[in-house]
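Coordinate analysis (summary)
Each chain, letter by letter, is given below.
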Amino acid sequence: MAANPIENYYRTLDRLKRAGHSQNEGALSPAFHNLLSDYCRAKNLELVAQVSIKTPFGTTIRPDGIIRDSMGVHDWGYWESKDTKDNLEDEIQKKFGAGYPKFNILFEDSQNVVLIQDNDRLTAKVDDPNELDKLLKAFINY
């Protein structure tokens with residue numbers, strides 16, 4: 001893992017906000033992708049972006065990221081980024097309605113992070129580095 005991945009994330013997020021004059025998902029999600037990738041590397045996992053997968057309901061979904069083992073055989077978790085203007089709780093329910101998995105999925109909007117693991121739910125504010133670290137470790141170590 002990078003020496004200080006969360007501090008790097010904060011710097012990148014700030015730079016993207018200033019350069020892009022935007023708070024939307026497309027502009028800001030690369031910063032979280034890099035952060036999550038740092039945590040994945042520490043466990044020899046890969047974060048693969050924008051891969052379509054079939055759900056048990058027969059629908060196709062495309063999470064912003066899928067955490068896979070280094071062989072690409074086993075899915076460890078899923079990541080979904082949302083805009084800050086979206087209601088994160090509504091967006092989570094929409095994704096579950098579309099067939100997104102519930103066993104280890106992380107939702108974030110560059111302000112809040114929600115981790116759902118089966119029936120357990122953890123939340124953190126992005127600007128709290130200790131809580132963010134704790135949540136990301138729980139996600140990767142699931």
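Worth saying up front: this structure is predicted, and the values here are computed from it rather than measured.

What follows is about helix α4 (residues 129-140). Spanning 12 residues, α4 covers 16 Å between terminal C-alpha atoms, matching the ideal 16 Å at 1.5 Å per step. When we look at burial in α4, the residues that qualify are L132, L135, L136, F139 and I140. Summarising the axial view, the buried residues of α4 lie within an arc of 130°, below the 170-degree limit, and thus occupy one face. Residues N130 and K134 are exposed on α4 and point more than 90 degrees away from its buried face.

Right, let's talk about the packing of aromatic side chains for a bit. Under the counting rule described, the total for this entry stands at 6 aromatic pairs. For the ring pair Y9 and Y10, a centre distance of 5.9 Å and an interplane angle of 45° mean the geometry is tilted. An aromatic cluster is present here, built from Y9, Y10, F32 and W79 joined pairwise through their rings. Across from the ring centre of F96, 5.0 Å away, lies the NZ or CZ of K102, which sits over that ring.

Okay, the pattern of salt bridges next. Scanning the model with the defined rule gives 9 salt bridges in all. K82 is paired through a salt bridge with E80; the nearest N and O atoms lie 3.7 Å apart. An identical accessibility class is assigned to K82 and E80; each is buried. When salt bridges with common partners are traced through the structure, they connect E80, K82, E91, K94 and K95 into a single cluster.

The predicted model of the protein averages 87 in pLDDT, with 92% of residues at 70 or higher. Across the protein, strand β7 (residues 112-117) holds the top mean pLDDT of 96, while helix α1 (residues 5-20) sits lowest at 81.

Of all 7 residues in strand β5 (residues 75-81), 6 are buried, a share of seventy percent or more. The β-α-β motif built from β5, the intervening helix α3 (residues 88-97) and the parallel element strand β6 (residues 105-108) has right-handed crossover chirality.

This next bit is on the sheet that holds strand β8 (residues 120-125). Here 6 strands make up an open sheet; going across it, the order is β1-β4-β5-β6-β7-β8 and the pairing mixed. Strands with a single pairing partner mark the edges of an open sheet, and in this sheet they are β1 (45-49) and β8. Neighbour-to-neighbour, the strand axes of the sheet open up by a mean angle of 20°, direction not taken into account. Pairing of β5 with β6 involves 4 bridges; the strand directions are parallel. Residue Y78 lies in a different strand from β6, and its bridge partner there is I105.

Turning next to the side chain of D109. Within the fold, D109 resides in the loop between β6 and β7. Although D109 is buried, it forms no salt bridge, and the closest oppositely charged side chain is K125 at an N-O distance of 7.8 Å. In terms of polar contacts, D109 uses its side chain to reach the backbone amide nitrogen of Q111, at 2.9 Å. Excluding anything up to four places from it in sequence, D109 contacts K82, D83, T84 and L88.

This part is about unusual backbone geometry. Positioned with a positive phi, N44 is a non-glycine residue whose angle comes to about 60°. Relative to the elements of secondary structure, N44 occurs in the loop between α2 (25-41) and β1. Of the residues examined, N44 reaches a relative accessible area of 51% and is grouped as exposed. Phi angles above zero are rare outside glycine, and D118 is one such case at about 55°. With respect to the secondary-structure elements, D118 resides in the loop between β7 and β8.

Procedures and definitions
Residues numbered from 1 in each chain as written. Predicted model: local features only at pLDDT ≥ 70, side-chain atom pairs only at ≥ 80, totals over all residues. Heavy atoms only, no water. Helix = DSSP H or I, 4+ residues; strand = E, 2+ residues; numbered from the N terminus. Expected span 1.5 Å × (residues − 1). Buried < 20%, exposed > 50% of the residue type's maximum accessible area, 1.4 Å probe, protein only. Arc of directions from axis to C-beta. Phe/Tyr/Trp six-rings, centres within 6.5 Å; stacked < 30°, edge-to-face > 60°. Lys NZ or Arg CZ within 6 Å of the ring centre and 35° of its normal. Salt bridge = Lys/Arg side-chain N within 4 Å of Asp/Glu carboxyl O. pLDDT = per-residue confidence, 0-100. Right-handed = clockwise from strand over helix to strand, strands pointing away. Pairing = 2+ DSSP bridges. Axes fitted to C-alpha atoms, helices over the stretch in contact; angles between N-to-C directions. Lys, Arg positive; Asp, Glu negative; His and termini not counted. Polar contact = N/O pair within 3.5 Å; in protein donor to acceptor, adjacent residues only side chain to side chain. Contact = heavy atoms within 4.5 Å.

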